[in-house]
Amino acid sequence: MPCRLDVPQNLMFGKWKYEKPDGSPVFIAFRSSTKKSVQYDDVPEYKDRLSLSENYTLSIANAKISDEKRFVCMLVTEDNVFEAPTLVKVFKQPSKPEIVNKAPFLETDQLKKLGDCISRDSYPDGNITWYRNGKVLQPVEGEVAILFKKEIDPGTQLYTVTSSLEYKTTRSDIQMPFTCSVTYYGPSGQKTIYSEQEIFDIYYPTEQVTIQVLPPKSAIKEGDNITLQCLGNGNPPPEEFMFYLPGQPEGIRSSNTYTLTDVRRNATGDYKCSLIDKRNMAASTTITVHFLDLSLNPSGEVTKQIGDTLPVSCTISASRNATVVWMKDNIRLRSSPSFSSLHYQDAGNYVCETALQEVEGLKKRESLTLIVEGKPQIKMTKKTDPSGLSKTIICHVEGFPKPAIHWTITGSGSVINQTEESPYINGRYYSKIIISPEENVTLTCTAENQLERTVNSLNVSANENREKVNDQAKLIVGIVVGLLLAALVAGVVYWLYMKKSKTASKHVNKDLGNMEENKKLEENNHKTEA
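Residues numbered from 1 in each chain as written. Predicted model: local features only at pLDDT ≥ 70, side-chain atom pairs only at ≥ 80, totals over all residues. Heavy atoms only, no water.

1. Here's the deal with the sheet that holds strand S22 (residues 241-244)
Taken in spatial order, the four strands line up as S23-S22-S25-S26 in an open sheet, and their pairing is antiparallel. The open sheet is flanked by strand S23 (252-254) and strand S26 (282-287), the only strands paired with a single partner. Averaged over all pairs of adjacent strands, the angle between strand axes in this sheet comes to 25 degrees, irrespective of strand direction. Relative to S26, strand S25 (residues 269-275) is paired through six bridges, and the arrangement is antiparallel. What sits directly across from Gly-269, in S26, is Ile-287. (Pairing = 2+ DSSP bridges. Helix = DSSP H or I, 4+ residues; strand = E, 2+ residues; numbered from the N terminus. Axes fitted to C-alpha atoms, helices over the stretch in contact; angles between N-to-C directions.)

In structure tokens, the structure reads:
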């Protein structure tokens, strides 16, 4: 605190004092202008807290609320005393306000204490304000009540202010933040400090019930486990409900869930739930349990004879339209199989598979293993090598189970290839022997399976080879002889032609001579007659 006086030239000393509430002075510091010495009075509350400078500025350390007084600077000369007062104000910022004694929950349409907002250790005292969602709350009869209380600490003289709020909540207060603030005065003016936001649990009665199926699925199928969950929109939510199942007039008391295991198609229907004490407050849902039945006739392993008729039917019964797929030996068929006359290639593993596309995991399949049996049938063929030296005898066999083929050769001959078999496909295969017979031989093919033994034979003549060779030789000789005869005939014809040409010439000359002779004879004859 500076001494707001001009120091006179004849100053003797300067002093500071403060005034008690009754106006009486209490001297606290002295400084001589001549000796330059400083003395502090024995005042307990200012012990070791004062400092007086040469220009008579008084400093007080560790300010206290009790320092809020009227201090006076006194400058004394031989003939006068000058005084200048200073009024000291002390401020203490309050602590940050906090909401304490909070209600664990609030109930709608009831006026109930929300909590206390408290701010401690301020000077001077502050003022508390309540807010809902940032807007100031004002007292309203029957809806908002605010009670303010102020306390002072006897030792520190600091104030603690408390404000209690009673509030009538509605459903609109759900998740709404409540805050409070303390407004106080400081050296620079009015300031405000805000508390942290608080959100209160609002209790309200259930006004609506809902029911849902867990886990959520687009479709339910037979064998599934489903859980019904009933929920009320109150707070706290209801813990017990009544569940009503299709065809059962009596309800089942349970928690907010009720589980059905391994449901069947007869579980399709309307399901309801309601509050225990309010049966009219209920909710319902419709559950459809999808099913899929498949019947394949015949099924399993079926053995039929070749040429038999076998009707096959795959009957589907489902809660929705189902797709049907036929497979044979893992290859998809274009249409369902139909057998009016069985063939060996009809044998195989057939599968009828159906599914509901809209229902995940709902598939059924049945299989038919068709076995087509037949007695061995034999057909033998013969093929002669172009050289004529060997013959290939083939034994074609048809039957199931696969017949075993045995060859028997009667007669002698060179067997070039004992046996060669083709792959067994669709009940058919063949075995062949290549032979060069030295004499007439008989080849016998025997085919045998579990059903029957079948035998067939084929005769092969050795002369056929010789005759064919002789025929070929004769043919060659004939061709050569023919060529020679043709050449001879051509030569004879040419010789005759030449000979004829010469003879003709002679005849002409002879004829001309004869004509002359005849003329002479006639003349001679005439002469004779004369």
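2. Some words on the pairing of strand S13 (residues 144-152)
Of the pairings in the sheet, the one linking S13 to strand S14 (residues 159-168) comprises nine bridges and is antiparallel in character. Each residue of the ladder has a partner; that of Phe-148, found in S14, is Ser-163. Counting the residues that bridge the hairpin from S13 to S14 gives six residues, and of these Gln-157 lies at a positive phi of roughly 65 degrees.

3. Side note on the layout of surface pockets
Put simply, the largest pocket is a space of about 180 Å³. Together, Val-213, Pro-215, Lys-217, Ser-218, Ala-219, Ile-220, Thr-285, Thr-286, Ile-287, Thr-288, His-290 and Arg-320 line the largest pocket. Residues belonging to the lining of the largest pocket are distributed by class as follows: five nonpolar, five polar and two charged. (1 Å grid on protein atoms, 1.4 Å probe; cavity = no way out; pocket = protein on both sides within 12 Å on 5 of 7 lines; lining within 4 Å. Points joined across faces, edges and corners; volume = space filled by probe spheres on them. Nonpolar A, V, L, I, M, F, W, Y, C, P; charged D, E, K, R; others polar.)

4. Considering the state of the cysteines
Here a disulfide denotes a covalent bond joining the sulfur atom of one cysteine to the sulfur atom of another. On inspection of all chains with the given rule, the structure shows five disulfides. Two residues share a disulfide in this structure: Cys-3 and Cys-73, whose sulfurs sit 1.9 Å from each other. The disulfide joining Cys-3 to Cys-73 has a torsion of about -90 degrees about its S-S bond and is therefore left-handed. You can see Cys-3 sitting in the segment before strand S1 (11-19) and its partner Cys-73 sitting in strand S6 (residues 70-77), a full 70 residues away along the chain. Each member of the pair, Cys-3 as well as Cys-73, is classed as buried. Between Cys-314 and Cys-352 runs a disulfide, and the two sulfur atoms are separated by 1.9 Å. The sign of the -85 degrees torsion about the S-S bond sets the Cys-314-Cys-352 disulfide as left-handed. (Disulfide = S-S within 2.5 Å. Buried < 20%, exposed > 50% of the residue type's maximum accessible area, 1.4 Å probe, protein only.)

5. Quick word on the pairing of strand S21 (residues 226-232)
Most of S21 sits inside the fold, with six of its seven residues counted as buried. Inspection of the sheet shows strand S19 (residues 209-214) paired to S21 by six bridges, in the antiparallel sense. By the bridge assignment for S21, Ile-211 is matched with Cys-230. Note that S21 and strand S24 (residues 257-260) share four bridges and pair antiparallel. For Leu-228, the partnering residue across the bridge sits in S24 and is Tyr-258.

6. Topic: the packing of aromatic side chains
Tallying each qualifying case throughout the model produces 12 aromatic pairs. Ring geometry for Tyr-167 and Phe-178: centres 5.3 Å apart, planes at 75 degrees, overall edge-to-face. Of this pair, Tyr-167 sits in strand S14 while Phe-178 sits in strand S15 (residues 177-186), and the two are 11 residues apart along the sequence. Accessibility expressed as a relative area gives 8% for Tyr-167, which makes it buried. (Phe/Tyr/Trp six-rings, centres within 6.5 Å; stacked < 30°, edge-to-face > 60°.)

7. Considering the sheet that holds S19
Across the sheet, which stays open at both edges, the three strands sit in the order S19-S21-S24 with antiparallel pairing between neighbours. Strand pairing shows two members of the sheet lacking a second neighbour, S19 and S24, which therefore form its edges. Strand-to-strand, the axes of this sheet are offset by a mean angle of 20 degrees, without reference to chain direction.

8. A few points about the confidence of the model for the protein
Put simply, the protein has an average pLDDT of 87, and 88% of its residues get 70 or more. Scored below 50 in pLDDT, residues 465-477 shows eight contacts in the model against residues more than four places distant or in partner chains. (pLDDT = per-residue confidence, 0-100. Contact = heavy atoms within 4.5 Å.)

9. Quick look at the side chain of Lys-69
If you trace the backbone, Lys-69 turns up in the loop between strand S5 (58-60) and S6. Looking at Lys-69, the relative accessible area reads 14%, which means it is buried. Side chain to side chain, Lys-69 and Glu-45 meet in a polar contact 3.3 Å long. Apart from residues lying up to four places away in sequence, Lys-69 is in contact with Tyr-18, Glu-45, Tyr-46, Thr-86, Leu-87 and Val-88. (Polar contact = N/O pair within 3.5 Å; in protein donor to acceptor, adjacent residues only side chain to side chain.)

10. Here's the deal with the environment of Trp-407
Among the structural elements, Trp-407 can be located in strand S36 (residues 404-410). Separated by 24 residues in sequence, Trp-407 and Ser-431 have C-alpha atoms that sit 9.0 Å apart. Excluding residues that lie within four positions of it along the chain, Trp-407 makes contacts with Met-380, Ile-393, Ile-394, Cys-395, Thr-419, Ser-431, Lys-432, Ile-433, Leu-443, Thr-444 and Cys-445. At 2.9 Å, the side chain of Trp-407 forms a polar contact with the side chain of Ser-431.

11. A short note on the pattern of salt bridges
By the definition in use, this model includes 22 salt bridges. Note that Asp-224 and Lys-221 form a salt bridge whose closest N and O atoms lie 3.2 Å from each other. In this pair, the class of Asp-224 matches that of Lys-221, namely buried. In this structure, a network of salt bridges that share partners links the residues Lys-217, Lys-221 and Asp-224. (Salt bridge = Lys/Arg side-chain N within 4 Å of Asp/Glu carboxyl O.)

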